[in-house]
Amino acid sequence: QVQLVESGGGLVQPGGSLRLSCAASRSIGTFYAMGWYRQAPGKQRELVAHIRVGASTNYPDSVKGRFTISTDNAKNMAYLQMNSLKPEDTAVYYCNAVVLGRYYWGQGTQVTVSS
């Protein structure tokens, strides 16, 4: 079993930055992958950043160059640095971990981009 707890969401103006954090309840060095997803009202949940632990990252075109996913294995943490935020980035952001073929999710953190 893996528990994931996100933090760092909030209200930010367009063009601003936020860093989301995800605390895992066990060593992320044993994880296959981690990711950040988001879900806006009335829309499906979508992937915004993915990392194979200790390997490659990938991003959809909508956030490429603005969002960066990283992990700190020593602290069992994952992060999502979000720059140049746009109103369309407004959503609940979820941390995800893939461990032995199972998917685990955090409770989500709200990000609102508005002036």
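Look up a bit, the structure's there.
Figured I'd write up the structure that's included with this text. Residue positions are given per chain, counting from 1 as you read along its sequence in written order. Where local features are concerned, this predicted model is filtered to residues with pLDDT of at least 70; where side-chain atom pairs are given and counted, the filter is 80 or more; whole-chain, interface and lining totals use all residues. The basis for the side-chain values is all heavy atoms of the structure; hydrogens and waters are excluded.

Looking now at the overall build of the protein chain. The number of helices and strands found in the protein chain is zero helices and 11 strands. The helix and strand sequence of the protein chain, counted from the amino end, reads β-β-β-β-β-β-β-β-β-β-β. Relative to the 2.2 N^0.38 estimate, which gives 13 Å for 115 residues, the radius of gyration of the protein chain is 13 Å and therefore close to what a compact globule would have. Here the C-alpha coordinates of the protein chain stretch approximately 40 × 25 × 25 Å along the principal axes. In this scheme, a residue with accessible area under 20% of its type's maximum is buried, one over 50% is exposed, and one in between is partly exposed, where area comes from a 1.4 Å probe on protein chains only. Burial status across the protein chain gives 43% buried among its 115 residues. Here the protein chain carries 11 positive and 6 negative side-chain charges, and the mean point of each set is 6 Å from the other. A helix here means a DSSP run of H or I that spans at least four residues, while a strand means a run of E at least two residues long, and both kinds are numbered starting from the N terminus. Radius of gyration here uses only the C-alpha atoms, and the compact-globule reference equals 2.2 Å multiplied by the residue count raised to the power 0.38. By the counting scheme adopted, Arg and Lys are positive, Glu and Asp are negative, and His together with the chain ends is not counted. Note that the charge is assigned to NZ on lysines, CZ on arginines, CG on aspartates and CD on glutamates.

Glancing now at the sheet that holds strand S7 (residues 67-72). Strand-to-strand pairing in sheets goes through backbone hydrogen bonds, with the strands running parallel or antiparallel. In space, the four strands of this open sheet follow the order S1-S3-S8-S7, with antiparallel pairing throughout. If you trace the sheet from one side to the other, it starts and ends with strand S1 (4-7) and S7, each paired once. The average undirected angle you get between the axes of adjacent strands in this sheet is 15 degrees. For strand S3 (residues 18-24) and strand S8 (residues 77-82), the ladder comprises six bridges, and the chain directions are antiparallel. Within S8, the residue paired with alanine 23 across the bridge is methionine 77. In this analysis, strands are considered paired if DSSP registers two or more bridges between them. Under this scheme, a helix contributes an axis fitted over its contacting stretch, all axes are lines through C-alpha atoms, and angles between N-to-C directions fall in the 0 to 180 degree range.

What follows covers the pairing of S7. Alignment of S7 against S8, held across six bridges, turns out to be antiparallel. Note on S8: the bridge partner recorded for phenylalanine 67 is methionine 82. Following S7, the chain reverses through four residues before pairing antiparallel with S8; asparagine 76 in that reversal takes a positive phi of roughly 55 degrees.

Below, the discussion takes up the environment of isoleucine 51. Position of isoleucine 51 among the secondary structure elements: in strand S5 (residues 46-52). In this structure isoleucine 51 comes out as buried when scored by relative accessible area, which is 7%. Sequence separation between isoleucine 51 and tyrosine 32 is 19 residues; the distance between their C-alpha atoms is 8.9 Å.

Disulfides are defined as cysteine sulfur pairs within 2.5 Å. Tallied over the entire structure, the rule returns one disulfide. The residue that forms a disulfide with cysteine 22 is cysteine 95, at a sulfur-sulfur distance of 2.1 Å. An S-S torsion of about -80 degrees defines the bridge between cysteine 22 and cysteine 95 as left-handed. Of this pair, cysteine 22 sits in strand S3 while cysteine 95 is found in strand S9 (residues 91-99), placing the two residues 73 residues apart along the sequence.

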